[in-house]
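Examining the three-dimensional arrangement
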Amino acid sequence: MHRGAPRLSATAGTVPAVSLRRVTKRFPETRLDDEVVAVDELDLDVTDGEFFALLGPSGCGKTTTLRMVAGFEFPTEGSVHIHGTEMGRRPPDRRPVNTVFQSYALFPHMTVAENVAFGLRMRDVARDEARRRVAEAIELVQLRGRDGAMPGDLSGGQQQRVALARALVNRPKVLLLDEPLGALDLRLREAMQVELKQLQALLGITFVHVTHDQEEALAMSDRLAVMDAGRLVQVGTPAEVYERPRTRFVAEFLGDANLLTAEAVDAERVRLPDGTVVRIASGRSAGAAVHLSLRPEQLDLVAAGTPVEPHLDAVEGTVARIGYFGSAIEYDVALDTGGPEVLVTARLGNARGVVARTVGERVRMRWTPDSVTVLED
Amino acid sequence: MVGVAPAPAPARRRGPRPPAPPGPEREAARAAARRGALIGLPPLVTMVLLFAVPLGIVAVYSVATRGRTGRTELADWNLDAYARLLEPLVLEIAGRSLGYAALTTLLCLAIGYPFAYWLTTRRPGVRAVLLVLVMLPFWSNFLVRTYAWRVLLGSDGPIVTALAAVGLGEVRLLFTPFAVVLGLVYGYLPFMVLPLYSSLERLDLRLVEAARDLGATGWEAFRRVTWPLSRPGVVAGSVLVFIPSFGAYVTPELLGGSRTTLVGSFVVRQFLSARDWPFGSALSMAILVVMLAATVAYFRAQERRS
């Protein structure tokens, strides 16, 4: 295509790379005459070229969702579209996607180069072109010189790279990654997170990444979906989902959250368990119980009695516990409820000048009203 | 006089060599070796007494002389019995035995592979029951089971009667090559199924999914992933079926006719009817060597391929 011609991809870009419409997957439970619903009426669009993470605890249906995109499972109801084409019951070998498996699933009886070349051989790519593309892919994942090695002789990180090269060499429209970093140790995992992200940006291929690791999902994805019990709970950018969790589940699953039950005073204010009235962003009708989420790192701790500036809200309490994490210190503060104990955790960066508190000390916690998120449940 | 070597040894020792394990570890290794020898002793004695010694006796008899009355004389050591191994009759029987064993192995593989694969796809409880069923025939006597086939295949047995009833006429089944191969396949199928099952069960099904994901059709995925990875089971199963099929005695004797004499029966005949112990012994030794060589060659070939 020459310059100046209308870009086809401009219109193609509006078609989602992956699109799930009311997808339900039920597995037969043979013991009882019952069925297990793994995925429940899922509607999801993955934009072309984005790094999309499917996040959720084990058993939430995220892997089943991925497997339905790959073609290893077919939806019981609903439809899967890839770049606008309905997949129906099309088998995996006739879908424009490739998968990086959780434990890599490298062919143990083939060398690195043979593993990488497998997809090209299956698609009858000419020998010279195949050789060139295999070399490129091996170069891309920085495994040059290991072409002849057997998978069993490679480290976990290297096997991971082979799996990546084996999938990418086919130039899939969508790359599906099923917990690809799960088997690596922490340090390697962090390095691979950066590398995968760079690779995705370089190639511009849509990545759909399944993980149960919230940090991984937040750090890598352009957008993420949180799943629970077969349903989609929230979809958005990492900042949207982390800072404005829709439900209690999302607030708790992504990072740490102080979950408080308060009572609506009017549309903009709620009464906390200790009686303090504070502001919230979005309103509720008076008298109703409201669930709030407050991220520990958005709370500040000052000495009791410090004047509260008008743009802040604050409560007072007593330091009940201190957790020292090196780079951060967490203070669990008991509010003056007079009844059952309510603890609110504040996480302070261990920066120079931060005043250390002691257990039993009276403190004032303060925050900006937009740090308070009202949850739906 | 013994010449004194110029002792180049110290110079050689400078090359890389594994560091000697420290004292206590070496002691522990020695103790483990002692324990190992102690545990290994009873089976070693058993093998020597029940296997090596009889084999030695057969080897000795094979170079002895047959007396005029059929008595074997342990004198005049010669290789005459071995020379007779190349007689046309011997070659014919050996060729037939090889053919039957090869056919039995192929049939067992053709039946056993799909069955073993199907087994691995069952739920664990069902699998355990089916595996017990595979081994169930071993709980009754092989001879009895072979006699049962005689009844089943006999001229007034249920199979022949049924075939006649549907208008296929008078079919003779018993004492035919068909009956022999049927009996051999029946008898040795479990030896094929069990190693196949154990190697297929270990196969990671995600590898098949990976192949499909990379564009392989079901057949291609089988050909390039499942089959090569189950080859150890195929090799083990084939060897376990081929060897006893080749030397089978009971099955061809009870289900076959005079035209289906196999080496097992032929050897027995040398000892019992012909009273030619040296020839029988030489035959046994030849079978042993051929089988051993074939097995080693087969394993080597498979190793090279994978």
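Predicted model only: the values in this text are computed from it and were never measured.

1. Some remarks on the overall build of chain A
- Within chain A, the secondary structure is distributed over nine helices and 20 strands.
- Seen through its principal axes, chain A has C-alpha atoms that stretch 80 × 60 × 45 Å.
- Burial analysis of chain A (377 residues in total) assigns 48% to the buried set.
- Across chain A, every contact between residues at least 6 apart in sequence was considered, and the portion connecting residues at least 24 apart equals 65%.
- Looking at chain A as shown, the accessible area adds up to about 17,900 Å², and 49% of this sits on carbon and sulfur atoms.
- The distance from the centre of the 45 positive side-chain charges to the centre of the 53 negative ones in chain A is 6 Å.

2. Looking at the domain arrangement of chain A
Residues and elements named next belong to chain A.
- According to the domain assignment, chain A consists of domain 1 (12-248) and domain 2 (256-375).
- Distance between the C-alpha centres of domain 1 and domain 2: 40 Å.
- Each partner contributes residues to the interface: domain 1 has seven residues there, and domain 2 has nine residues.
- Buried area between domain 1 and domain 2, summed over both chains or domains, comes out near 750 Å², and the portion from carbon and sulfur atoms is 45%.
- Counting across the domain 1 and domain 2 interface gives five residue pairs in polar contact (both at pLDDT 80 or more).
- Looking at the side of domain 1 that touches domain 2, its residues break down into two nonpolar, one polar and four charged.

3. Structural notes on the sheet that holds strand S14 (residues 289-294) of chain A
Residue and element names in this part refer to chain A.
- With antiparallel pairing, five strands are arranged side by side in an open sheet as S13-S12-S11-S14-S20. The strands lining the two open edges of the sheet, one partner per strand, are strand S13 (277-279) and strand S20 (372-375). Strand-to-strand twist in this sheet, taken as the mean axis angle between neighbours without regard to direction, amounts to 45 degrees.
- Across four bridges, S14 lies against S20 in antiparallel orientation. Bridge pairing in S20 links His291 to Leu375.

4. Some words on the interface of chain B and chain A
- Opposite the 17 residues of chain B that make contact, chain A presents 26 residues.
- For the pairing of chain B and chain A, the buried interface totals around 1,900 Å² over both sides, and the portion due to carbon and sulfur atoms is 60%.
- Counting across the chain B and chain A interface gives two salt bridges.
- Here A:Asp93 ties to B:Arg212 by a salt bridge, and the two come within 2.7 Å at their closest N and O atoms.

5. Some remarks on the packing of aromatic side chains
- Using the criterion set out here, one finds 17 aromatic pairs over all chains in the structure.
- Note on B:Phe222 and B:Trp227: the rings are 6.2 Å apart at their centroids and 50 degrees apart in plane angle, and the pair reads as tilted.
- Residue class for B:Trp227 comes out partly exposed when judged on its relative accessible area of 27%.
- An aromatic cluster of three or more residues is present, and its members are B:Tyr113, B:Trp219, B:Phe222 and B:Trp227.
- Over the face of the ring belonging to A:Tyr242 we find A:Arg295, whose NZ or CZ atom lies 3.9 Å from the ring centre.

6. Quick notes on the environment of A:Gly305
Residues and elements named next belong to chain A.
- Along the chain, Gly305 falls in the loop between strand S15 (300-303) and strand S16 (313-324).
- Residue classification places Gly305 among the exposed residues on the basis of a relative accessible area of 52%.
- As a C-alpha pair, Gly305 and Gly156 span 149 residues in sequence and 55 Å in three-dimensional space.
- When residues no more than four places from it in sequence are discounted, the contact partners of Gly305 are Glu316 and Arg364.

7. Details of the layout of surface pockets
- When its volume is computed, the largest pocket comes out at roughly 440 Å³.
- A:Glu114, A:Ala117, A:Phe118, A:Arg121 and B:Arg224 are the residues nearest the centre of the largest pocket, which is lined by 18 residues in total.
- Of all the secondary structure elements, the ones that give two or more residues to the lining of the largest pocket are helix H3 (112-122) and helix H4 (127-140) of chain A together with helix H10 (218-229) of chain B.
- Looking at which element gives the most residues to the lining of the largest pocket, the answer is H3(A), with six residues.
- Of the residues assigned to the lining of the largest pocket, the class counts are nine nonpolar, one polar and eight charged.

8. Thoughts on empty space enclosed by the protein
All names here are of chain A.
- Within this structure, the stated rule accounts for one cavity of 30 Å³ or more.
- Reported here for the largest cavity is a volume of approximately 50 Å³.
- If you go around the largest cavity, the residues you meet are Val18, Leu20, Leu44, Val46, Leu54, Thr65, Leu66, Val69, Leu176 and Val208.
- Broken down by element, the residue count for the lining of the largest cavity peaks at three residues, all from helix H2 (residues 62-70).

9. Regarding the sheet that holds strand S3 (residues 51-55) of chain A
Residues and elements named next belong to chain A.
- Reading across from one edge, S6-S7-S8-S3-S9-S10 is the order of the six strands in this open sheet, with mixed pairing throughout. With partners counted over all chains shown, the strands left at the sheet margins are strand S6 (97-100) and strand S10 (231-236), one partner each. Mean inter-strand twist for the sheet, computed between neighbouring axes without regard to direction, equals 20 degrees.
- This element, H2, spans S3, S6, strand S7 (174-178), strand S8 (206-211) and strand S9 (223-228) of the sheet and lies at about 145 degrees to S7.

10. Concerning a nonpolar patch on the surface
- A cluster of nonpolar side chains, contributed by B:Val129, B:Val132, B:Leu133, B:Met135, B:Leu136, B:Phe138, B:Trp139, B:Phe191 and B:Leu240, occupies part of the molecular surface with about 830 Å² of accessible area.
- Take the nonpolar patch: its biggest share by element is four residues, from helix H5 (residues 124-135) of chain B.

11. Looking at the environment of B:Glu73
Residue and element names in this part refer to chain B.
- Here Glu73 lies in strand S2 (residues 72-73).
- Take Glu73: its relative accessible area is 39%, and that puts it in the partly exposed class.
- Setting aside residues up to four positions removed in sequence, Glu73 forms contacts with Ala64, Thr65 and Gly67.

12. Observations concerning unusual backbone geometry
All names here are of chain A.
- Of note, Glu41 is a non-glycine position whose phi angle comes to about 45 degrees, a positive value.
- Secondary-structure assignment places Glu41 in strand S2 (residues 34-46).
- Using a relative accessible area of 40% as the deciding quantity, one classes Glu41 as partly exposed.
- Despite not being glycine, Arg171 shows a phi value in the positive range, around 50 degrees.

Cut-offs and rules
Residues numbered from 1 in each chain as written. Chains lettered and ligands numbered in written order. Predicted model: local features only at pLDDT ≥ 70, side-chain atom pairs only at ≥ 80, totals over all residues. Heavy atoms only, no water. Helix = DSSP H or I, 4+ residues; strand = E, 2+ residues; numbered from the N terminus. Buried < 20%, exposed > 50% of the residue type's maximum accessible area, 1.4 Å probe, protein only. Contact = heavy atoms within 4.5 Å. Areas by Shrake-Rupley, 256 points an atom, 1.4 Å probe, with all protein chains shown as cover. Lys, Arg positive; Asp, Glu negative; His and termini not counted. Charge placed at Lys NZ, Arg CZ, Asp CG, Glu CD. Domains from an automatic or database assignment. Buried area = accessible area lost by both parts, 1.4 Å probe. Polar contact = N/O pair within 3.5 Å; in protein donor to acceptor, adjacent residues only side chain to side chain. Nonpolar A, V, L, I, M, F, W, Y, C, P; charged D, E, K, R; others polar. Pairing = 2+ DSSP bridges. Axes fitted to C-alpha atoms, helices over the stretch in contact; angles between N-to-C directions. Salt bridge = Lys/Arg side-chain N within 4 Å of Asp/Glu carboxyl O. Phe/Tyr/Trp six-rings, centres within 6.5 Å; stacked < 30°, edge-to-face > 60°. Lys NZ or Arg CZ within 6 Å of the ring centre and 35° of its normal. 1 Å grid on protein atoms, 1.4 Å probe; cavity = no way out; pocket = protein on both sides within 12 Å on 5 of 7 lines; lining within 4 Å. Points joined across faces, edges and corners; volume = space filled by probe spheres on them. Patch = residues over 30% accessible without salt bridge, like charges linked within 9 Å, V, L, I, M, F, W, Y side chains within 5 Å.

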